[in-house]
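# Structure assessment
These are the residues of each chain, in order.
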Amino acid sequence: MSKALSSNYTPGLPIAWKKILLKWETLLGLAVIADFGLNTYLSPYFLNPWTLSDASFNFTEQAIVALPMALLIIAGEIDISVGSTIALCSVAMGLAAKAGFATPWLVGLGIFTGFLAGCFNGFLVTRLRVPSIVATIGTLTLFRGIAYALVGNGVLKSYQPDFAYFGQGYVIGPVSFEVTLFAFLALVFAVALHKSVIGRRIFAIGANPVASRLSGIPVERYKFWIFALLGATAGLASILLTSRLGSTRPSIATGWELSIITMVILGGVSINGGQGSILGVVLAALFIGLVTFGLSLLNFPGIVLGIVTGTLLIGVVAISSALGQSGRRRRS
Amino acid sequence: MLKSLFLRAPAVTGLSLLIIALLLSVSIAFPPFLDPVNLKSAFDDTALLMMMAVGEMFVLLTRSVDLSVAANAALTGMVVALFNAKYPGAGILPVLLISLVMGSALGAFNGLLVWKLRIPSIVVTLGTLSVFRGLVYIISGGAWVNSGQMSHAFLNLVRLPLLGINLLSWAGVLVAILAFLFLRYSLTGRNLYAVGNNPEAAAYAGIDAGRLQCVAFMLSGAIAGLSGYFWVARFGVAYTDVASGFELQVIAACVIGGVSISGGAGGVVGVILGALFLGIIKNALPVVGISPFFQLFISGMVITVAVALNSGTQRKTHGRHILESSKVTP
Amino acid sequence: MTEPAFSLSGITKSFGGVRALVRGELELFAGEVTALVGENGAGKSTLVKIMTGVYQADSGAIRLNGQPVHIGSAAAANRLGISAIHQEPVVFDDLSVAENIFITARPRRHGMVDWAQMYSRAAGILAELDPGIDPKMLARELGVAQKHLIQIARALSNEARIVIMDEPTAALSHREVEELFQIVQRLKREGRAILFITHKFEEIFALAERYAVFRDGAAVGSGLVCETDRSSLISMMVGRTVDQVFPKQEVPIGAPLLQVEALSRGEEFADVSFTLNGGEILGVYGLVGAGRSEVMQAIFGLHRPDSGRIALRGETLNIRSPGEAIAKGIAYLPEDRQSQGGILSASIGENIVLPCLSGISHRGFVNRRDEQALATRFIGELQIKTSSASQLLEELSGGNQQKVIIAKWLATNPQVMIMDEPTKGIDIGAKTAVYRLMGELVAKGLGIIMVSSELPEIMGMADRILVMRRGRLRACFSRADATPERIVAAATDA
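Presented here is a report on the structure given in the accompanying data block. (Residues numbered from 1 in each chain as written. Chains lettered and ligands numbered in written order. Predicted model: local features only at pLDDT ≥ 70, side-chain atom pairs only at ≥ 80, totals over all residues. Heavy atoms only, no water.)

### Quick look at the pairing of strand β16 (residues 307-312) of chain C
Residue and element names in this part refer to chain C. Both strand β13 (residues 256-265) and β16 contribute to a ladder of five bridges, which runs antiparallel. The partner of Leu 258 across the bridge, within β16, is Leu 312. Between the end of β16 and the start of strand β17 (residues 315-317), which pair antiparallel, lie two residues, with Arg 313 showing a positive phi angle near 50 degrees. (Pairing = 2+ DSSP bridges. Helix = DSSP H or I, 4+ residues; strand = E, 2+ residues; numbered from the N terminus.)

Quick look at the structure:
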């Protein structure tokens, strides 16, 4: 179910090669390599393992949330409240830390708060049947609002020293905990989505919810649990982010939902559901991370990156809709 | 009477009653709310939200969504601010013209991508949102344009008092009236409803859905551009993060006002009420003495409850469905 | 002989290699009704869409009053005075009745929509059709029959010279059909040329002056109704005798398999009771909206019935979801194979294993080799024409798509197979293949419930025929007792 640009005909190549070349993941991979080369050219320090490790911090937290977000979008729904969920989780942890709870409790609380937020979204969408984009516009404001209501413009920073490990620690040498966790989760999500029965059903739900329901798949239950999983993962990302910053402000992770969704779409996941791959999302995250770092090498601020990612996002979907529409077009 | 109103337009009627109740209770309990200065400022705030929400409604009616309205406003606002800083003597007319033309051009860019390349509107506007914001930074070099650099005419147009309220508020009223007339009496306006209501039937009736989506995006863009100028003038500053995240409030005002996110249903009156509702809450809270940090929380509660209720009423009136129909790409 | 008001000649149209129209020929005359008949998939609806500008023909000529015309869009068709009443009411739910009527030509003054005039003109037209409809009502408040009236009012309002009616009586009651006929007579008197598409022969003889028969995308006959009879129309339509089309096998009927007792649900259906035996094909006939699919979906666990009992081999079932129904050995082949049946963007193999994924998986992981084996087996058994199991469903022809979806249900090893319009929109060859397959299945002891709107199919394949009307079971005929007249009478008699 990968998004092959099937109608693009390149004569003179064996079919298998054409298929691989025209796969979205291949193009993304080439883009990653190209940008890697460009960054190396731009800065002599880039190839230093510690520089690379530093570069990874600016995208791993978002990339971790992009994994379950990919599942959700493949299943035909969307959640734009994740940035607010991260803030809410961070505030919950900050308050607990202030009350003197130890780090393991904070970790549990962060994930659990995200899980509850995700369940609430899932409830609105699957039980009350609010379209997911509308429901999560509401909860985006609500979760952020709760965070502000609890903290105001204050800062929570009574974290124990050991809490810093998640966002600042290293497993071996320059390999950070964040990157290790991301690699592990990406593997788990890839196997779950592409090899397991659950993944197969998620694709089916996104491609045709009615046929899926008639095939005995509990569509609403699946969607609910993906929302819950996404919430819990946002909680996890919140732990990493809070730990890296060492403090909680209610404005934390503002606007992240758009970057995360951009990663997912850029990774080749169809916004209409039913298509996509974890490999694509991982490559898109790497690409965005490298471009961001490259821009910072050139002393451009993050906001300029928006032009690059925004153009890429539109360009990618435009190209695939112009070339590959034959296979996706609605039949009359 | 009330009952039949409820049956015909439950969202609008319920919302107006709620707003009246809210206004009454706030003004009785906290008379300072009725202070003319406070009311004027509340009205100006709401006018901006109202204008942009009306533009967003055009897009929502055609089963699309425009997430780029606030970024459009920021970019257009920055362009006119820079223009004004450079040519302070050019007067206000070119500024208005630039904001409208540039806004609608940005909207048309969205619309053409949706129409000609059939890219889902949420993807298009998610992309242009980032691009527009990035461009604001590039053209301004990240610097602010302050009120000191703006001409008097540029700054004061929105503050021009007229019959007790500022010109900005009148602009909001005017946009709403024009939108109402457009949707009720022009063929294009009527066809926006038809397309969103039943795209297939619209095709049978010879109405081009894609073209109308593009028109809706252009209108939304034009209004966003104009609002961008008003925003910059009202707050006396242009910078990269102007109106950041405002697109969600704009959509919320529409949804609270009963505009269906799945197209074809909604009206200007509802949108005005939705914007008023959010505007009143935002401006009443400080008066009532609730910490401004609770504003977002209360808005969020209201929006969440409103969308849950709205989807409930819509479900009932849409009749029973044997199966929810399979997803059809618009 | 007078000149036709509208004519089509040599029209062809293909969709992605599938030829929907091979030779479209049609002539309509002012003041006359031409009946267009043909089986599903004969190309009638494609022809209508070409006439109304929704599709453009690949080749061929269209003439209006002898002048060649090009109908490039639906708007162009409106301008030329061509108006269609579609089978499924094409209305805008959130717009008023009046605006629905004038959707292509809203009255205007000074460039602005003139609502007063629109309402009054709509009221004038509606007064003749159904005075009970208020022009200011929203269309969503209307019933199906009234929505049809909106479309008729649309044709009346825009002075259409060519009026196309695509099975307008399919969902109407007896009385409503009578009223419709009067309207058609009036349109005729006003000198309009009418194309009337129908499956019901009595309507042809009651209304039409001329007929045109389509089969497999080509015009196979036309002429004056007074010079033909029912049987010659049928033989033109089918092009072969009934025995060839319906290879009915005689299979001994076994013990009761599925028992349904007094099943009711809301306004959809009430007090439905029947028994399906092993080895039996039970036909369920009725008009659109009679509640047939709703009963089947309730048995399949898609919607809970309010009351009643469902039992399989004597064991009472309490099915709450399709998943439970599948586990109990009930399969449901839905009516619309593209939107409900299969996943077009997925491969044949992925489609076939979807309902039985847990059966071919190990510890939650899909076993690709088992998947491949299962798919290959069914591709062979059902003779699905494909290059491999990894070909996408959307690349197959309609008939082969349907075979894949049948295979998907066979892979769950069902005892009861519910087939809702199993041959809708597939060509004659594929139909015969599906009928053969049904015979083979009942020979293995399965029970099949076949919901169908096609009389020849029901009569050709079913061992017993249940007839539903307005949510209730009205009659049950054995194969020997069933005649078209009796079945239609039970389905439509008001």
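### Side note on the sheet that holds β17(C)
Residues and elements named next belong to chain C. Read across the sheet, four strands follow the order β14-β13-β16-β17 without closing on themselves; strand pairing throughout is antiparallel. On the outer flanks of this sheet lie β14 (269-277) and β17, each paired with one strand and no other. Strand-to-strand twist in this sheet, taken as the mean axis angle between neighbours without regard to direction, amounts to 20 degrees. Against the sheet, helix α10 (residues 292-299) engages β13, β14 and β16, with an angle of about 65 degrees to β14. (Axes fitted to C-alpha atoms, helices over the stretch in contact; angles between N-to-C directions. Contact = heavy atoms within 4.5 Å.)

### Quick look at the packing of helix α9 (residues 197-207) of chain A against helix α11 (residues 219-245) of chain A
Residues and elements named next belong to chain A. Between α9 and α11, whose axes approach to 11 Å, the crossing angle comes to 110 degrees. Taken together, the axes of α9 and α11 are roughly perpendicular relative to one another. Of the residues in α11, those in contact with Ile 198, Arg 201, Ile 202 and Ile 205 of α9 are Val 219, Tyr 222, Lys 223 and Ile 226. In the contact of α9 with α11, the residues fall into six nonpolar, no polar and two charged. (Parallel < 35°, antiparallel > 145°, perpendicular 65-115°, else oblique. Nonpolar A, V, L, I, M, F, W, Y, C, P; charged D, E, K, R; others polar.)

### Brief notes about the interface of chain B and chain C
In this assembly, 26 residues from chain B lie in contact with 32 residues from chain C. Each partner contributes to the roughly 2,500 Å² buried at the junction of chain B and chain C, and carbon and sulfur atoms together form 58% of this total. There are one salt bridge connecting chain B and chain C. A salt bridge links Arg190(B) to Glu99(C); the nearest nitrogen and oxygen atoms lie 2.5 Å apart. Applying the counting rule to chain B against chain C returns eight residue pairs in polar contact (both at pLDDT 80 or more). Of all elements in the fold, only α8 (167-185), α9 (187-197) and α10 (199-204) of chain B reach the threshold of two or more residues within the side of chain B that touches chain C. (Buried area = accessible area lost by both parts, 1.4 Å probe. Salt bridge = Lys/Arg side-chain N within 4 Å of Asp/Glu carboxyl O. Polar contact = N/O pair within 3.5 Å; in protein donor to acceptor, adjacent residues only side chain to side chain.)

### Quick notes on the interface of chain A and chain B
On the side of chain B, 45 residues touch chain A, which itself brings 51 residues to the contact. Of the roughly 4,200 Å² buried where chain A meets chain B, counting both sides, 79% is carbon and sulfur surface. Linking chain A with chain B are zero salt bridges, by the criterion used here. When contributions to the side of chain A that touches chain B are tallied by element, the ones reaching two or more residues are α5 (103-127), α6 (132-151), α10 (209-214), α12 (256-266) and α14 (302-323) of chain A. Residue contributions to the side of chain A that touches chain B peak at 14 residues, all from α6(A).

### Side note on the packing of α12(A) against helix α13 (residues 278-297) of chain A
Residue and element names in this part refer to chain A. Packing of α12 against α13 leaves a shortest axis separation of 7 Å and a crossing angle of 125 degrees. Of the possible angle classes, the one that applies to α12 and α13 is oblique. Considering the relative orientation of α12 and α13, their crossing is right-handed. Contacts between α12 and α13 involve Met 263, Val 264 and Leu 266 on the former and, on the latter, Val 281, Ala 284, Ala 285, Phe 287 and Ile 288. A breakdown of the residues in the contact of α12 with α13 according to their chemical character gives eight nonpolar, no polar and no charged. (Left-handed = near helix turned anticlockwise from the far one by under 90°.)

### Looking at empty space enclosed by the protein
What the rule picks out here adds up to seven cavities of 30 Å³ or more. The calculated volume of the largest cavity comes to roughly 180 Å³. What lines the largest cavity is a set of 15 residues, among which Tyr204(B), Ala205(B), Asn78(C), Ala84(C) and His86(C) lie closest to the centre. For the lining of the largest cavity, the secondary-structure elements that each account for two or more residues are α10 of chain B together with α2 (74-79) and β6 (82-85) of chain C. Of the residues belonging to the lining of the largest cavity, the class tally is eight nonpolar, six polar and one charged. (1 Å grid on protein atoms, 1.4 Å probe; cavity = no way out; pocket = protein on both sides within 12 Å on 5 of 7 lines; lining within 4 Å. Points joined across faces, edges and corners; volume = space filled by probe spheres on them.)

Read these as layout, nothing more, since geometry by itself doesn't imply function.
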